[in-house]
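Here are the chains, one letter per residue:
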Amino acid sequence: GKKIILYVTNQTGDRHVRYKCNRLKLSFTCLRLDWEEVDVAGNRWLRQKLAQDAKEDEIPLTFVGMGSDGKFAGTYDELLSIIDDGKIYDHFRKLGYKHPH
C-alpha cells in the first residue's frame with residue numbers, strides 16, 4: 001500500500017499555516033496512520049506542482065503516494081471534517097493506503 005504524504009512548510013511567519021500543519025501532524029500520529037512529512041519551504045517547483053495536482057494552493061496538503069503516483073487526499077479543512085466523521089481510514093483506503101495493523 002501507499003504511504004500518506006503530508007506536505008508542510010516549516011519556514012513560515014504565518015501562525016495559521018503553522019497551526020494547521022501541526023494540527024494535522026498530531027492528528028495523523030494519534031490516528032496511528034503511516035505517514036511522512038515533506039517540507040516544501042523554499043521549494044517553489046514542488047509547491048507549484050502540488051498546487052496544480054491538488055487544484056489548491058494552501059499548505060498543508062495531503063496526498064496518498066508520491067510523485068506521479070500520488071493522489072490528492074484533501075486540504076486541512078476537508079481532512080478535519082472527515083476525521084470528525086470517523087471516516088478517515090476509509091477515505092485513505094480508497095486512495096490506495098493500507099493501514100498497518
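Going by the structure above, here's the rest.
For clarity, every value in this text was computed on a predicted model and none was experimentally measured.

Thresholds applied
- Residues numbered from 1 in each chain as written.
- Predicted model: local features only at pLDDT ≥ 70, side-chain atom pairs only at ≥ 80, totals over all residues.
- Heavy atoms only, no water.
- Buried < 20%, exposed > 50% of the residue type's maximum accessible area, 1.4 Å probe, protein only.
- Helix = DSSP H or I, 4+ residues; strand = E, 2+ residues; numbered from the N terminus.
- Arc of directions from axis to C-beta.
- Contact = heavy atoms within 4.5 Å.
- Salt bridge = Lys/Arg side-chain N within 4 Å of Asp/Glu carboxyl O.
- Polar contact = N/O pair within 3.5 Å; in protein donor to acceptor, adjacent residues only side chain to side chain.
- Pairing = 2+ DSSP bridges.
- Axes fitted to C-alpha atoms, helices over the stretch in contact; angles between N-to-C directions.

## Some words on helix H2 (residues 44-54)
Residues of H2 that are buried include every one of Leu46, Leu50, Ala51 and Ala54, and no others. The arc enclosing the buried residues of H2, seen along the axis, measures out at 135°, which places them on a common side. Of the exposed residues in H2, the ones pointing more than 90 degrees away from its buried face are Arg44, Trp45 and Gln52. Looking at the packing, one finds that the buried side of H2 touches strand E1 (4-8), strand E2 (35-39), strand E3 (61-64) and strand E4 (71-75). Phi for Lys55, located one or two positions after H2, is positive at around 55°.

## Some words on the pattern of salt bridges
Pairing is possible between side chains of opposite charge, provided their charged atoms come close. Under the defined criterion, the tally for this structure stands at six salt bridges. In this structure, Glu36 engages Lys3 in a salt bridge whose closest nitrogen and oxygen atoms are separated by 3.7 Å. On the criterion of sequence distance, the pair formed by Glu36 in strand E2 and Lys3 in the segment before E1 is long-range, its members being 33 residues apart. Using a relative accessible area of 31% as the deciding quantity, one classes Glu36 as partly exposed. The partly exposed category is assigned to Lys3, whose relative accessible area is 31%. Of the charged contacts, one joins Arg93 and Asp90 as a salt bridge, the two residues approaching to 2.7 Å between their closest N and O atoms. Linking Arg93 with Asp90, this pair stays in helix H4 (residues 88-94), spanning three residues, or about one helical turn. On the basis of relative accessible area, Asp90 is assigned to the partly exposed category, the value being 39%.

## Overview of the side chain of Thr9
Mapped onto the secondary structure, Thr9 falls in the loop between E1 and helix H1 (15-30). Under the relative-accessibility criterion, Thr9 is labelled buried at 8%. A distance of 3.4 Å separates a polar atom in the side chain of Thr9 from the backbone nitrogen of Gln11. When sequence neighbours within four positions are dropped, the list of residues in contact with Thr9 reads Val17, Cys21, Asp39, Val40, Ala41 and Ile59.

## Looking at the sheet that holds E3
The four strands lie next to each other as E2-E1-E3-E4, forming an open sheet whose pairing is mixed. With partners counted over all chains shown, the strands left at the sheet margins are E2 and E4, one partner each. On average, each strand axis in the sheet is inclined to that of its neighbour by 25°, with strand direction left out of account. Bridge count for E1 against E3 is four bridges, and the pairing is antiparallel. Note that in E3 the partner of Ile4 across the bridge is Val64. H1 rests against E1, E2 and E3 of the sheet, and its axis sits at about 160° to E1. With respect to the sheet, helix H3 (residues 76-84) is in contact with E3 and E4, its orientation differing from that of E4 by roughly 85°.

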